[in-house]
Amino acid sequence: MNTSEQTYKKYADARAVKSPILKNCIWAFCSGGFICTIGHLLKMLYMNFGISEDNSAMTASVSLVFIAILLTGIGVFDNIAKHTGAGTLVPITGFANAVASCAIDTKSEGYILGVGAKIFTVAGPVILYGISSGVIYGIIYYFLTRM
């Protein structure tokens, strides 16, 4: 590193806002736990309506996705995420927000060339790597169980 880079690094470090790591971790834990609690309560509610446990779990997940997309659409999700951090972005609600945000941002370009073409801009790599890792895991599992 030359002298000007060292000077800039000292300047930037002196003015950088220190992140309250412990507070952020607590907020993320509590907000993520709250989302999971809502999901569990929805599952229990659906089971009380006579839906099987497996179908109740799936329906609760779909409900959480719907709620996240609705909150993204009316502009509330981003404000919640600013205060709660990773707690809202890590669970399934964060994935729904990522897909919905791309759709909202590209709506002005039209439904086909905008929304249709760019809806999976953020979520596409997640889907791609999720499926790819699942296939690789399946192949490894297959060969390990054959031995």
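**As for the environment of Phe66**
Secondary-structure assignment places Phe66 in helix 3 (residues 53–73). Accessibility expressed as a relative area gives 55% for Phe66, which makes it exposed. C-alpha separation for the pair Phe66 and Asn97, spaced 31 residues apart in sequence, amounts to 9.8 Å.

**Things to note about the side chain of Thr88**
With respect to the helices and strands, Thr88 occurs in helix 5 (residues 86–89). Within the local environment of Thr88, its side chain forms a polar contact with the backbone oxygen of Gly85, the two atoms lying 3.1 Å apart. Residues in contact with Thr88, not counting those within four places in the same chain, are Ser31, Ile35, Phe77, Ile80, Ala81, Thr93 and Gly94.

**What to know about the layout of surface pockets**
Taken as a whole, the largest pocket holds about 220 Å³ of empty space. Surrounding the largest pocket, 13 residues form its lining, Phe34, Ile35, Ile38, Leu71 and Ile80 being those nearest its centre. Mapped onto the lining of the largest pocket, the elements with two or more residues apiece are helix 2 (21–48), helix 3 and helix 4 (77–84).

**What to know about the environment of Asp54**
When you line up the elements, Asp54 lands in helix 3. Classification of Asp54 as exposed rests on a relative accessible area of 66%. Spatially, the C-alpha atoms of Asp54 and Ser101 are 29 Å apart, while their sequence positions differ by 47 residues.

**Regarding the pattern of salt bridges**
Taken as a whole and judged by the stated rule, the model has one salt bridge. Taking the shortest distance from any N to any O, the salt bridge between Lys43 and Glu53 comes out at 3.2 Å. Taken as a pair, Lys43 in helix 2 and Glu53 in helix 3 lie far apart in primary sequence, ten residues in all. Lys43 gets classed as buried once you look at its relative accessible area, which sits at 17%.

**Brief notes about helix 2**
Quick reminder: α-helices carry 3.6 residues per turn. Residues three or four places apart thus point the same way. For helix 2, spanning 28 residues, the distance from its first C-alpha to its last is 40 Å, which sits close to the expected 40 Å at 1.5 Å a residue. On its buried face, helix 2 sits against helix 3, helix 4, helix 5 and helix 6 (92–105). Gly50 sits one or two positions beyond helix 2 and adopts a positive phi of about 95°.

**Some thoughts on the packing of helix 2 against helix 3**
Viewed as axis vectors pointing N to C, helix 2 and helix 3 meet at an angle of 135°, and their least axial separation amounts to 8 Å. Put simply, helix 2 runs oblique to helix 3. When you trace helix 2 past helix 3, the crossing you get is right-handed. Seen from helix 2, the contacting residues are Ile35, Ile38, Gly39, Leu42, Lys43, Tyr46 and Met47; seen from helix 3, they are Glu53, Ser56, Ala57, Thr59, Ala60, Ser63 and Leu64. Looking at the contact of helix 2 with helix 3 residue by residue, the classes come out as eight nonpolar, four polar and two charged.

Rules behind the numbers
Residues numbered from 1 in each chain as written. Predicted model: local features only at pLDDT ≥ 70, side-chain atom pairs only at ≥ 80, totals over all residues. Heavy atoms only, no water. Helix = DSSP H or I, 4+ residues; strand = E, 2+ residues; numbered from the N terminus. Buried < 20%, exposed > 50% of the residue type's maximum accessible area, 1.4 Å probe, protein only. Polar contact = N/O pair within 3.5 Å; in protein donor to acceptor, adjacent residues only side chain to side chain. Contact = heavy atoms within 4.5 Å. 1 Å grid on protein atoms, 1.4 Å probe; cavity = no way out; pocket = protein on both sides within 12 Å on 5 of 7 lines; lining within 4 Å. Points joined across faces, edges and corners; volume = space filled by probe spheres on them. Salt bridge = Lys/Arg side-chain N within 4 Å of Asp/Glu carboxyl O. Expected span 1.5 Å × (residues − 1). Axes fitted to C-alpha atoms, helices over the stretch in contact; angles between N-to-C directions. Parallel < 35°, antiparallel > 145°, perpendicular 65-115°, else oblique. Left-handed = near helix turned anticlockwise from the far one by under 90°. Nonpolar A, V, L, I, M, F, W, Y, C, P; charged D, E, K, R; others polar.

Any functional reading would require information that these geometric values do not contain.
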